[in-house]
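Residue strings, one per chain:
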2 protein chains.
Amino acid sequence: MKYPQGMGKRVPSNKQVKTSPSNETYRNRGMSLEEDIHITNTFYLESNRAIIHKKPTPVQIVNVHYPKRSAAVITEAYFQAKSTTDFNGIYRGKHIDFEAKETKNKTLFPLANFHEHQFKHMEQVLLQGGICFAIIRFRTFNETYYFPGNLIINYWHQMINNGKKSIPYSIIQEKGHKIPFTLQKRVDYLSIVDQLYFS
Amino acid sequence: MKYPQGMGKRVPSNKQVKTSPSNETYRNRGMSLEEDIHITNTFYLESNRAIIHKKPTPVQIVNVHYPKRSAAVITEAYFQAKSTTDFNGIYRGKHIDFEAKETKNKTLFPLANFHEHQFKHMEQVLLQGGICFAIIRFRTFNETYYFPGNLIINYWHQMINNGKKSIPYSIIQEKGHKIPFTLQKRVDYLSIVDQLYFS
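Note that the structure is a prediction, hence the values are computed from the model and not measured.

Conventions adopted
Residues numbered from 1 in each chain as written. Chains lettered and ligands numbered in written order. Predicted model: local features only at pLDDT ≥ 70, side-chain atom pairs only at ≥ 80, totals over all residues. Heavy atoms only, no water. Helix = DSSP H or I, 4+ residues; strand = E, 2+ residues; numbered from the N terminus. Buried < 20%, exposed > 50% of the residue type's maximum accessible area, 1.4 Å probe, protein only. Contact = heavy atoms within 4.5 Å. Axes fitted to C-alpha atoms, helices over the stretch in contact; angles between N-to-C directions. Parallel < 35°, antiparallel > 145°, perpendicular 65-115°, else oblique. Left-handed = near helix turned anticlockwise from the far one by under 90°. Nonpolar A, V, L, I, M, F, W, Y, C, P; charged D, E, K, R; others polar. Expected span 1.5 Å × (residues − 1). Polar contact = N/O pair within 3.5 Å; in protein donor to acceptor, adjacent residues only side chain to side chain. Salt bridge = Lys/Arg side-chain N within 4 Å of Asp/Glu carboxyl O. Least-squares fit on C-alpha atoms with pLDDT ≥ 70 in both. Pairing = 2+ DSSP bridges. Buried area = accessible area lost by both parts, 1.4 Å probe.

Colleague: If you had to explain the overall build of chain A to someone new, which residues and values would you point to?
Modeller: What chain A contains, in helices and strands, is six helices and ten strands. Looking at chain A as a whole, 48% of its 199 residues are labelled buried. For chain A, long-range pairs separated by at least 24 residues make up 66% of all intrachain contacts whose partners lie at least 6 apart in sequence.

Encoded structure:
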């Protein structure tokens with residue numbers, strides 16, 4: 001199973017993560033997309049604007065140790081595949097559902113960033129009338145886009161039918177919406193939701 | 001930290017769980033509330049009626065071991081407090097959010113079953129226009145109730161102001177809604193949502 005994204009910092013592993021010098025350069029440009037979204041969601045929550053949380057990484061717990069006078073320790077557990085997107089919640093009465101991904105690619109966004117389950121989940125959310133999208137960051141350009149869920153689903157179907165495995169950067173520029181950055185709202189995706197659904 | 005509910009089966013511990021004979025009797029009456037809700041949600045999902053998922057238990061991962069040729073093993077992790085309710089999703093375009101609890105008590109439902117964070121979360125969801133409630137099962141009577149979120153919040157405020165720490169069973173009977181049971185929809189809570197919001 002693939003190791004879940006965005007947990008590197010919390011999980012000191014016994015294997016060195018391979019990082020190329022260029023990779024480091026991108027890293028130092030700023031926080032990860034996930035950290036930026038976390039700060040944004042906290043701001044939304046504290047200003048009573050929306051309630052959006054990240055779902056915890058699903059873990060199958062096999063063994064737990066209960067030391068006396070201290071917290072239970074999970075001593076054996078495994079990462080599980082996700083059945084949904086990473087983020088969901090509620091905004092102006094509507095259900096919001098999205099996945100966030102970043103890529104170092106300069107010309108395209110690889111669809112392999114999503115799991116099969118996640119495409120299906122996004123399709124179901126759209127059918128139920130929810131607001132569903134992907135937040136895609138191109139690290140090299142430091143650009144973050146709102147890309148509508150129905151277009152993700154179209155590309156997923158193209159992948160199944162024609163083997164097309166990515167979305168060109170030019171399409172994301174053209175059909176997506178660049179998400180503005182402010183200090184408190186580092187990924188102010190609700191400004192795009194407002195434009196698309198509430199104006 | 002309290003050990004999370006409903007995970008007993010998946011987590012063989014090195015400590016014996018104390019079960020009284022009467023406890024066993026209740027257990028054998030049927031599946032746990034959580035298992036019943038899981039079956040119901042699966043049915044809702046497969047029949048395209050609603051998309052409701054249980055949030056994974058939040059776990060802080062401290063150490064991961066990567067054996068060669070097999071899956072990563074989490075060797076040290078801790079249970080974290082939940083910041084939201086356990087279940088959420090989308091139904092007929094509306095955001096649904098609920099917590100499920102069972103009690104062996106025959107006369108009241110103790111509010112200690114909820115965390116402070118969960119009350120706050122429920123209040124926020126209501127303010128944002130979401131559908132929010134608790135599913136409460138009285139095991140002794142094998143009765144399962146839909147109890148509206150705004151009433152939960154009223155009782156929470158009473159607990160803070162007057163120290164009242166529980167909701168009487170009689171109130172839950174009177175102001176809640178008994179959830180019907182069918183084989184595929186063992187806790188058919190959407191039938192209550194339909195009555196209250198869509199009829």
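Colleague: Give a description of the packing of helix 3 (residues 116–127) of chain B against helix 4 (residues 149–162) of chain B that names residues and reports values.
Modeller: Residues and elements named next belong to chain B. The geometry of helix 3 relative to helix 4 is characterised by a closest axis approach of 10 Å and an angle of 135° between their N-to-C directions. With respect to each other, helix 3 and helix 4 are oriented oblique. The way helix 3 lies across helix 4 gives a crossing that is left-handed. Of the residues in helix 4, those in contact with E116, F119, K120, M122, E123 and L126 of helix 3 are G149, N150, I152, I153, W156, H157 and M159. Class assignment for the residues of the contact of helix 3 with helix 4 results in seven nonpolar, three polar and three charged.

Colleague: Quick rundown of helix 4 of chain B? Include the residues and the values.
Modeller: Residue and element names in this part refer to chain B. With 14 residues, helix 4 extends 19 Å between its outermost C-alpha atoms, agreeing within 8% with the 20 Å of an ideal straight helix rising 1.5 Å per residue. Looking only at helix 4, the buried set comprises G149, L151, I152, I153, Y155 and W156. Among the residues trailing helix 4, G163 stands out with phi positive, at a value near 75°.

Colleague: Before we move on, could you go through the side chain of T85 of chain B and cite the residues and values that matter?
Modeller: Here T85 of chain B lies in the loop between strand 3 (73–79) and strand 4 (87–91). There is a polar contact of 2.2 Å between the side chain of T85 of chain B and the side chain of D97 of chain B.

Colleague: Which residues make up the pattern of salt bridges, and what are the values?
Modeller: In total, this model carries 26 salt bridges over all chains according to the counting rule given. Note that E99 of chain B and K101 of chain B form a salt bridge whose closest N and O atoms lie 3.4 Å from each other. Judged on exposure class, the residue E99 of chain B and its partner K101 of chain B are both buried. In the salt-bridge network here, residues are joined through shared partners; they are R49, R92, K185, D188 and D194 of chain A.

Colleague: So what about the relation of the copies chain B and chain A? Which residues, and what values?
Modeller: If you rotate chain B by 180° and push it 0.1 Å along the axis, it lands on chain A with an RMSD of 0.1 Å. What we have between these two chains is a two-fold relation. Taken together, the interface assignments show that 100% of the residues at the interface of chain B recur at the interface of chain A, consistent with an identical surface on both copies.

Colleague: Could you give an account of the pairing of strand 3 (residues 73–79) of chain A, naming the residues involved and the relevant values?
Modeller: As defined by bridge partners, strand 2 (residues 59–65) of chain A adjoins strand 3 of chain A across six bridges and the pair is classed as antiparallel. Residue pairing in the sheet places V64 of chain A in a bridge with I74 of chain A of strand 3 of chain A.

Colleague: Lay out the interface of chain B and chain A in plain terms, naming residues and giving numbers.
Modeller: Contacts between the two partners involve 48 residues from chain B, matched on the other side by 48 residues from chain A. Roughly 4200 Å² of surface becomes buried between chain B and chain A when both sides are summed, with 60% attributable to carbon and sulfur atoms. It is Y66, I74 and Q128 of chain B in chain B that bury the most area against chain A; as a group they hold 16% of the surface buried on that side. Top element by residues in the side of chain B that touches chain A is strand 3 of chain B. It accounts for seven residues. Grouping the constituent residues of the side of chain B that touches chain A by class yields 23 nonpolar, 19 polar and six charged. The pairing of strand 3 of chain A with strand 3 of chain B spans three bridges and is antiparallel. In the strand pairing of strand 3 of chain B, A77 of chain A is matched with I74 of chain B.

Purely geometric stuff here, so don't read any function into it on its own.
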